[in-house]
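# Understanding the architecture of this molecule
These are the residues of each chain, in order.
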Amino acid sequence: SSYRLRDALHPLWQSEFSVSGGTRQSPINIQWRDSVYDPQLKPLKIHYDPDTCLYIWNNGYSFQVEFDDSTDKSVIMGGPLENHYRLKQFHFHWGAINEWGSEHMVDSKVFPAELHLVHWNPVKSTSFEEAIMENNGLVVIGVFLKLGAHHAGLQKLVDALPAVKHKDAIVEFDVFDPSCLVPSCPDYWTYDGSLTTPPLTESVTWIIKKTPIEVDQNQLEEFRMLLFTSAGQEEKRMVDNFRPLQPLMNRTVRSSFR
Ligand SMILES: NS(=O)(=O)c1ccc(NC(=O)NCCO)cc1
Ligand SMILES: [Zn+2]
C-alpha cells in the first residue's frame, strides 16, 4: 500500500534514524481492534494560556511554535497521567501529497498530516531537555489532520509560514491558543513510545486523539512551501518529514472509549 511505497521513498528517515535495541519506538500503526479499553483512563484536561505563546520557527525538520514553560500556565493533566505536564512546543509532520504525511496510522490508514503537542513533567524534571531523558518524562498529544473544511484557527499559523520559509528563520508569534487545534471529541488511544526524531529517546507517553481535525487544501499546500534548507542554499521543499512505522513489540495500546 502507499505507506510501503513511502518507506522506500524516504532513505533519510530509514538509515539515520534507527536507534539500536529500541523496544518502544514511535510511530506505530494503531490496530483499533487490538486496542484495550481501559475504564480507569480519565478524561484528558487541557488548560493552555494563549499568552504563553512565544514564537514560531523553522528548525529544519518542521515548523515549531514555542511556549514559555517557566510556569504551570499551560498544562495538561488527567487521562493516563499521574500529574500535570507543561506545554513546551507544538509542530507538525506532513507529506508531499495528501496520500500520506502522518506518523501514526489507524488500521493502516494514513492521514495527510499530524500535529504533535509536546509537554514535559515538571515534577520529575527541572527542564524539558532533562525530561527528554526521563522515563515518561514527556507527553505528546497527536492529532490527525484530514482534508476538508478550512480551519480558521490554523490559518493564523499558516499566515506566519512565509516568514519562516528557510531553516532557522524565526518570527514572533504572540497570543495563540493551541487548544483550538484539538478536537472536542474526548476519545483517545495511549501507549508508551519514543520521540520520532533524534534523539529518539523512549521517554514519551503518547496520547493519540481518535478524531481528526479538518484543514483545507490551501492550508496543506502552505505547509509544503516551507524549506528544509537555509537561505542561500539550493532549495529543498519541506515535505515527507515523518518517520516510518516502528514495530509494536511487547506493547498494548489502550483506548479511553469502548
Ligand atoms: N516528533 S516528536 O516525537 O513529537 C518530537 C518532539 C520533540 C523532539 N525534540 C526536541 O524538541 N528537542 C528540543 C531540543 O532538545 C523530537 C521529536
Ligand atoms: Zn513530531
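### Topic: helix H4 (residues 152-160)
Owing to its 3.6 residues per turn, the α-helix aligns residues three or four sequence positions apart on the same side. Within the sequence span of H4, burial applies to Leu154, Leu157, Val158 and Ala160. One side of H4 carries all its buried residues, which in axial view fall inside an arc of 160 degrees. Residues Ala152 and Asp159 are exposed on H4 and point more than 90 degrees away from its buried face. Where H4 is buried, its residues meet strand S4 (53-58), strand S5 (63-67), strand S7 (85-94), strand S11 (170-172), strand S14 (213-215) and helix H5 (217-223).

### Brief notes about the pairing of S4
As defined by bridge partners, S4 adjoins S5 across five bridges and the pair is classed as antiparallel. Paired with Asn58 across the bridge in S5 is Phe63. The antiparallel pairing of S4 with S5 creates a hairpin that spans four residues between the two strands, and Gly60 there sits at a positive phi of about 90 degrees. Judged from the three bridges that link them, S4 and S11 form a sheet pairing that is antiparallel. Each bridged residue has a counterpart across the sheet, and for Tyr55 the counterpart in S11 is Glu172.

### Quick word on the nonpolar core
Ranked by size, the top nonpolar core spans 42 residues in total, and within it Ile56, Phe63, Phe90, Phe92, Trp94, Leu157 and Phe223 carry the most contacts. Of all the elements, S7 adds the most residues to this core, at five residues. Core analysis: the next-biggest nonpolar cluster, separate from the first, contains 20 residues, Trp189, Leu195, Ile208 and Val253 among them.

### A short note on the pairing of strand S12 (residues 188-193)
Put simply, side chains in a regular strand alternate between the two faces of the sheet. Burial runs high along S12: five of the six residues are buried. Strand direction decides the pairing type here: S12 and strand S13 (residues 204-209), joined by six bridges, are antiparallel. Looking at S13, one finds that Asp192 is bridged to Thr205. With two bridges connecting them, S12 and strand S15 (residues 254-255) associate as antiparallel partners. Looking across to S15, one finds that Trp189 is bridged to Ser255.

### Points about the coordination of the zinc ion (ligand 2)
Donor atoms from the polypeptide that bind the zinc ion (ligand 2) are His91 (NE2), His93 (NE2) and His116 (ND1), placed at 2.0 Å. Angles of 98 to 117 degrees at the metal separate the four donor atoms of the zinc ion (ligand 2), which places the site in the tetrahedral class. When the donors of the zinc ion (ligand 2) are listed by position in the chain, the intervening gaps give H-x1-H-x22-H. Of this pair, His91 sits in strand S7 while His116 sits in strand S9 (residues 113-120), and the two are 25 residues apart along the sequence.

### Notes on the packing of aromatic side chains
Within this structure, the stated rule accounts for 13 aromatic pairs. With a centroid separation of 4.3 Å and 20 degrees between ring planes, the pair formed by Phe111 and Phe144 is classed as stacked. Highlighted residues: Phe111 in the loop between strand S8 (105-106) and S9 and Phe144 in strand S10 (residues 138-147), separated in sequence by 33 residues. For the pair formed by Phe111 and Phe144, the shared burial category is buried. Chaining the aromatic ring pairs together yields one cluster made of Phe63, Phe67, Phe90, Phe92, Trp94, Phe173, Phe176 and Phe223.

Conventions we followed
- Residues numbered from 1 in each chain as written.
- Chains lettered and ligands numbered in written order.
- Predicted model: local features only at pLDDT ≥ 70, side-chain atom pairs only at ≥ 80, totals over all residues.
- Heavy atoms only, no water.
- Buried < 20%, exposed > 50% of the residue type's maximum accessible area, 1.4 Å probe, protein only.
- Helix = DSSP H or I, 4+ residues; strand = E, 2+ residues; numbered from the N terminus.
- Arc of directions from axis to C-beta.
- Contact = heavy atoms within 4.5 Å.
- Pairing = 2+ DSSP bridges.
- Core = buried A, V, L, I, M, F, W, Y, C linked by side-chain atoms within 4.5 Å.
- Donors = N, O, S within 2.8 Å, 3.2 Å for Na, K, Ca; no water.
- Tetrahedral: all angles 85-135°; square planar, octahedral: opposite > 155°, others 65-115°.
- Phe/Tyr/Trp six-rings, centres within 6.5 Å; stacked < 30°, edge-to-face > 60°.

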